[in-house]
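Residue-level structure breakdown
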Amino acid sequence: CGVFGVWAPRRDVARLTYFGLRALQHRGQESAGIAVGDGATVMVRKDLGLVGQVFSEADLSSLPGQLAVGHVRYGTAGAKSWEAAQPHLSSIGDVIIALAHNGTLVNTDDLRDQLADLGASFLSNSDSEVAAQLIGYFTQRTSHLREGIRKTMEIIRGGYAMTLINEQALYAFRDPNGIRPLVLGRLPNPGFDDADVSMLPAKQRDHVGDRGVSVPAEESPDGWVVASETCALDIVGAEYVRDIRPGEIVRISAEGIVSERGVAPAEPAACIFEQVYFARPDSIMDGKSVYACRYDMGRRLAREAPAAADMVIGVPDSGLPPAEGFAHESGIPFGEGLIKNRYIARTFIEPAQELRAMGVRMKLNPLRDNVAGRRLVLVDDSIVRGTTMRQIVRMLRGAGAREIHVRVNCPEVVWPCFYGIDTDTQDQLISATRSAAEVCDFIGADTLAFLSIEGLIASVPGAGHCAACFTGRYPVSIPDDFGREKFL
Ligand code: 5GP
Ligand code: SF4
Ligand code: MG
C-alpha cells in the first residue's frame, strides 16, 4: 500500500493528497481514499479503483480542509471490499480519527477479539481497522491522541507506516524496525530558514525521538508532507527532509512539528524488497535512488552469473534498470525486447491465477525486430510464482529468440512475507519447492541464475534490512509464534 499525509492550512490539501496518491499508485490499485480535517471534523471519501477513477473534480472540491491523509491499497490482509478501503474512520465518543496504513500487523486477530469483547464492531476483517479502533479506544481512555497512538504502538506487532489525522493534527509513525518506508517533506516557503533542514536547532537534533522537541508555528513552512516514497513529495513540490524514524511519532499542527518516541527503536530492518521491486525507481531510499540500487544489482548479477549473448533485455518496468546494469557490466548491448502496454495495472493485483496469466499477455508484447534470431539475457526483478516468467519466455521464443538466459536481480523467494508485501503463501512460491534447475525447466529458459543475498545487500544502502522472504530470518516474530496476551 501507499500512504500520504499533509498539513498545509493555506493549500488545497485534498488536491495535494490526490496528486501524492497518483504518484504512489504503483503501491496499490485496489482502492483509494482521502480523509480531510477542517478544524471541526474529519471527512473521508474512498472507493474501489484507481485514484483517477475514485476522485472526480467535484469530489476534491467537496473536501475542504487544512490537513489530510490518503491511501492506495493492495490487499494483503482482508478481503477486497469497500469496507477494507482506507483511510479507516474511527469515531468513539468525541474522538474522531482517520488512519492510513501501509504494512501488515501480525497479531491483530487476537486484538480484534479483545476489542470485540469490549463491544467494538468491525466493518471489515482488515488489520488496519483494528489499529484504527485500538487508537480510538486508547485515546478515549487517556484523553490524548498521542497517548492512544503510543499505547497502540506498544501492543501491535509487524510492519507499519501510518499517517493519521484528527480534525486538527497530522500524525505519522512507523514500526520500531522501520520495515515499511515513510518520509517527511516540507512544502516550500520563501520565508523559511533553509539552514534548518532537519527542523530543529543543531544541538537538539540528536535528541529527536527521545523527547518531544517542537518548532514554533511561526517558524513552520507552508506545510509538511509525509509519504511512503519521495516520488510523492516531488509531485506536490515538497522537499525531502528526512525519514520518519523507526518507533517515532511525528505530530504536525498549528502548534508546529513535534517528534517523540512512540516505542523504542529495535534492530533496523527496512524491507529490501522495496528496492528490488516495490518502490518507484525515481524514489530515494537511504540516500540512494531505487534506480541506482537496481542498476547496481544488475552489475553484480553480471559478475556473479555471466552469460554469452547478443543482447540484454529487461522485463518492464522493474527489470529495466538491472538489465541496463547487466549490459554495462558485461559489455553486451542493451536493447528493448518487450513492449509494455502502460494502461494495464500491475498483474499481481489480480487475485485469481488465470487472471494473472491473462494479465501478462495483456501487458507485454515481444519486439520481434530485436529478439528474432538472437541469444538473449533476460533480466527481471524477481520470480515469485513463476507464472510471469514462464509466459514471457514462451512469448520470446514465439518471436524467434534463439537462446534465453534468465537473470533475476534478487535471490530465490522461498519464505512468505508477513509485513505487507503480497508474496503469497509458501505453497505459491515456486522456489520454495523447486530447485533453480527445476524452476529453469518450468519457465523454459536455457539457463537461470539469481543474484546472491550478499550481492543484493551490497547493492542497497542503509542501516539494516529485512530480507526474510529470501533468508527466513524474520525481524518480528511471525503469527504462529505469538502466544495470546491480554492487552485490553
Ligand atoms: P510471478 O513470478 O509471481 O509470476 O511474477 C513475478 C513478477 O511479477 C515480478 O517480476 C514482479 O515484477 C511481479 N510480481 C508479481 N506478483 C508479485 C507479488 O505478489 N509481489 C511482488 N512483490 N511482485 C510481484
Ligand atoms: Fe520485505 Fe521480504 Fe521482509 Fe516482507 S519478508 S518485509 S517483502 S524483505
Ligand atoms: Mg515485473
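Conventions and cut-offs
Residues numbered from 1 in each chain as written. Chains lettered and ligands numbered in written order. Predicted model: local features only at pLDDT ≥ 70, side-chain atom pairs only at ≥ 80, totals over all residues. Buried ≥ 20, exposed ≤ 12 C-beta atoms within 10 Å, placed from the backbone. Helix = DSSP H or I, 4+ residues; strand = E, 2+ residues; numbered from the N terminus. Contact = placed C-beta atoms within 7 Å. Pairing = 2+ DSSP bridges. Axes fitted to C-alpha atoms, helices over the stretch in contact; angles between N-to-C directions. Near = placed C-beta within 6 Å. Nonpolar A, V, L, I, M, F, W, Y, C, P; charged D, E, K, R; others polar. Domains from an automatic or database assignment. UniProt positions renumbered as here; feature names shortened; annotations may be inferred. Core = buried A, V, L, I, M, F, W, Y, C linked by C-beta atoms within 7 Å. Right-handed = clockwise from strand over helix to strand, strands pointing away.

**So, helix α6 (residues 145–155)**
Turning to α6, its buried residues are L145, G148, I149, K151, T152 and M153. On its buried face, α6 is in contact with α5 (127–142), β8 (170–174) and β13 (248–253).

**Regarding the sheet that holds strand β21 (residues 375–380)**
The strands making up a sheet associate through hydrogen bonds between their backbones, and the pairing can be parallel or antiparallel. Strand order across the open sheet formed by 4 strands is β18-β21-β22-β23, with parallel pairing between neighbours. Looking along the sheet, the strands with just one partner apiece sit at the ends: β18 (311–314) and β23 (447–450). Geometrically, the sheet is characterised by an average inter-axis angle of 20° between neighbouring strands, direction not taken into account. Pairing of β18 with β21 involves 4 bridges; the strand directions are parallel. Counterpart to M311 in the pairing with β21 is L376. The strands touched by helix α11 (residues 320–330) are β18, β21 and β22 (403–408); relative to β18, the strand with the most contacts, the crossing angle is about 165°.

**Considerations on the site of ligand 2**
If you check the shell around ligand 2, you find 13 residues, and the closest are C271, C417, I421, C466 and C469. The residue makeup of the shell around ligand 2, split by class, is 11 nonpolar, 2 polar and no charged.

**A short note on the domain arrangement of the chain**
Size of an interface: often given as the accessible area lost when the parts come together. Taken domain by domain, the chain comprises domain 1 (2–266) and domain 2 (294–461). Every contact between the two is made by 13 residues of domain 1 and, on the other side, 7 residues of domain 2. Of all elements in the fold, only β6 (95–105) and β7 (158–165) reach the threshold of two or more residues within the side of domain 1 that touches domain 2. Here the residues of the side of domain 1 that touches domain 2 are counted per class, giving 3 nonpolar, 8 polar and 2 charged.

**Re the UniProt feature "binding site: [4Fe-4S] cluster" (unreviewed entry) in the chain**
Mapped onto the present numbering, the UniProt feature "binding site: [4Fe-4S] cluster" (unreviewed entry) falls on C271, C417, C466 and C469. Annotated residues spanning 199 residues; largest pairwise C-alpha distance 10.0 Å, indicating a single compact cluster. Its place among the elements puts C271 in strand β15 (residues 270–271). By the C-beta count within 10 Å, which is 27 here, C271 ends up buried. With respect to the helices and strands, the residue C466 is situated in strand β24 (residues 465–466). We classify C466 as buried; it has 27 C-beta atoms within 10 Å.

**Digging into the nonpolar core**
Counting 149 residues, the largest nonpolar core has A68, I165, V312 and L376 as the members making the most contacts within it. Both domain 1 (2–266) and domain 2 (294–461) contribute no fewer than three residues apiece to this core. Once residues lying within four places of it in the same chain are set aside, the contact partners of L376 are A309, M311, I313, G337, V371, L396, A401, E403, I404 and H405.

**Structural notes on the pairing of β21**
Most of β21 is tucked away: 5 of the 6 residues are buried. Pairing of β21 with β22, which is carried by 6 bridges, proceeds in the parallel orientation. Note that in β22 the partner of V379 across the bridge is R407. Running through helix α14 (residues 387–398), the crossover from β21 to the neighbouring parallel element β22 is right-handed.

**Considering helix α1 (residues 13–23)**
Counting buried residues in α1 gives 8 out of 11 residues, a clear majority hidden from the surface. Every buried residue of α1 is accounted for by V13, A14, L16, T17, Y18, G20, L21 and A23.

**Regarding the sheet that holds strand β9 (residues 183–187)**
In space, the 7 strands of this open sheet follow the order β3-β2-β4-β1-β11-β9-β12, with antiparallel pairing throughout. Of all strands in the sheet, those with a lone pairing partner are β3 (42–48) and β12 (239–243), marking the two edges. Across the sheet, the axes of successive neighbouring strands diverge by a mean angle of 15°, strand direction being ignored. Of the pairings in the sheet, the one linking β9 to β12 comprises 4 bridges and is antiparallel in character. Paired with V183 across the two strands is D243, which belongs to β12.

**What about the UniProt feature "binding site: Mg(2+)" (unreviewed entry) in the chain?**
Under the UniProt annotation, "binding site: Mg(2+)" (unreviewed entry) lies at S318, D380 and D381. Spatially, the listed residues are clustered: although they cover 64 residues, their C-alpha atoms lie within 7.0 Å of one another. Take D380: it is sitting in strand β21. The contacts of D380, once residues within four sequence positions are left out, are V315, G319, M389 and V408. In this fold, D381 is placed in the loop between β21 and α14.

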